[in-house]
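Descriptive structure summary
Chain by chain, the residues:
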Amino acid sequence: MNKIITISREFGSGGREIGKRLAEKLNFAYYDSEIINLLTKETGKTEEYIENISENGIYPYAFQFAKSFSMYSKIQKDQTKILVAQQKILKQIAEKGNCVIVGRGADVILKSYNPMNIFVYANTESKIMRCKNKRNDELLTDNELEKKIKDIDKERIEYHNIISNLDWGKKENYHLCINTSNLNIKDIISPLAKYIEKYFGRDK
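These numbers were taken from a predicted model, which means no experiment stands behind them. (Residues numbered from 1 in each chain as written. Predicted model: local features only at pLDDT ≥ 70, side-chain atom pairs only at ≥ 80, totals over all residues. Heavy atoms only, no water.)

Quick look at the nonpolar core
The following threshold applies: Remark: nonpolar core denotes a set of buried residues (Ala, Val, Leu, Ile, Met, Phe, Trp, Tyr, Cys) joined through side-chain atoms within 4.5 Å. With a 1.4 Å probe rolled over the protein chains alone, any residue whose accessible area is under 20% of its type maximum counts as buried; one over 50% counts as exposed, and the rest are partly exposed. Runs of E in the DSSP output that reach at least two residues are strands. Runs of H or I that reach at least four are helices, and both are numbered from the N terminus. What makes two residues a contact is simply this: any of their non-hydrogen atoms within 4.5 Å.
Counting residues in each nonpolar core, the largest one holds 23 residues, and the members touching the most others are Ile5, Ile18, Leu22, Ile118 and Ile196. Among the secondary structure elements, those contributing two or more residues to this core are strand E1 (4-9), helix H1 (15-26), strand E3 (99-102), strand E4 (116-121), strand E5 (176-179) and helix H9 (185-200). For this core, the leading source of residues is H9, giving eight residues. Residue contacts for Ile118: discarding those within four places in its chain leaves Ile5, Thr6, Ile7, Ser8, Leu22, Tyr174, Leu176, Ile178 and Ile196. Membership of the second largest hydrophobic core comes to 21 residues, among which are Ile4, Tyr31, Leu39 and Ile50.

This is the structure:
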């Protein structure tokens, strides 16, 4: 069976960077925004629309943008279509070979593939600092960044609650939880890769 790593993460914790660097270190395929591109081709929807639905809250998003019941109903159908397509694509990815998948509820959707599920978190100060180092967030105040972090994590929890009855971020639901507070991501990749190799070789 292929080796699959899923990365769930708090916003600003560095989970995406960990996923990308791990994939490079282990020579695994890496999937993040690539999934959005595949969903765009599969559904015909725009990347922006899919990005908002595929991970960051489903029906709350529909309520926010719909101005009538009929419009809400249409958005709801679109969302269901995208979720079905996303599950199909994630399973196709899992069948292809060893990979690292960031977000998208892959830890739940690919449960039958026995992935190694990682959760990445950090304290608020570290998350704010990482966000400030991103060009898109450099003009926001610390308070604005903290609110953005909380809002996005709330949306991820809502999405996770729709596809699973397991608590998002609860340590018992992951094989490894990584606290990146005050850490340089580059420094932890080599030991983390060794741990993962041991994890996948444990039954040999």
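So, the packing of H1 against H9
When two helices pack together, their arrangement is captured by the angle between the axes and the distance separating the axes. Rules: Axis definition: a line fitted to C-alpha atoms, over the contacting stretch in the case of helices. Angles run 0 to 180 degrees between N-to-C directions. Comment on the angle field: the value is read as roughly parallel under 35 degrees, roughly antiparallel over 145, roughly perpendicular from 65 to 115, and oblique elsewhere. In a left-handed crossing the near helix is turned counterclockwise from the far helix by less than a right angle, and in a right-handed crossing that turn is clockwise. For this scheme, ten residues count as nonpolar: Ala, Val, Leu, Ile, Met, Phe, Trp, Tyr, Cys and Pro. Four count as charged, namely Asp, Glu, Lys and Arg, and the remainder, Gly too, count as polar.
Interaxial distance between H1 and H9 falls to 9 Å at its minimum, and their mutual angle equals 55°. By the angle class used here, H1 and H9 are oblique. Our pair here, H1 against H9, has a crossing hand that is right-handed. The residues of H9 that touch H1, namely those facing Glu17, Ile18, Arg21, Leu22, Lys25 and Leu26, are Ile185, Lys186, Ile188, Ile189, Ser190, Leu192, Ala193, Ile196 and Glu197. By residue class, the composition of the contact of H1 with H9 is nine nonpolar, one polar and five charged.

Overview of the pattern of salt bridges
How we decide: Criterion for a salt bridge: a side-chain nitrogen of Lys or Arg within 4 Å of a carboxyl oxygen of Asp or Glu.
Inspection of the entire model under this criterion finds eight salt bridges. In this structure, Asp32 engages Arg16 in a salt bridge whose closest nitrogen and oxygen atoms are separated by 2.3 Å. Here Asp32 is found in the loop between strand E2 (29-31) and helix H2 (33-43), whereas its partner Arg16 is found in helix H1, with 16 residues between them in sequence. A network of salt bridges, in which partner residues are shared, links Arg16, Asp32 and Arg104.

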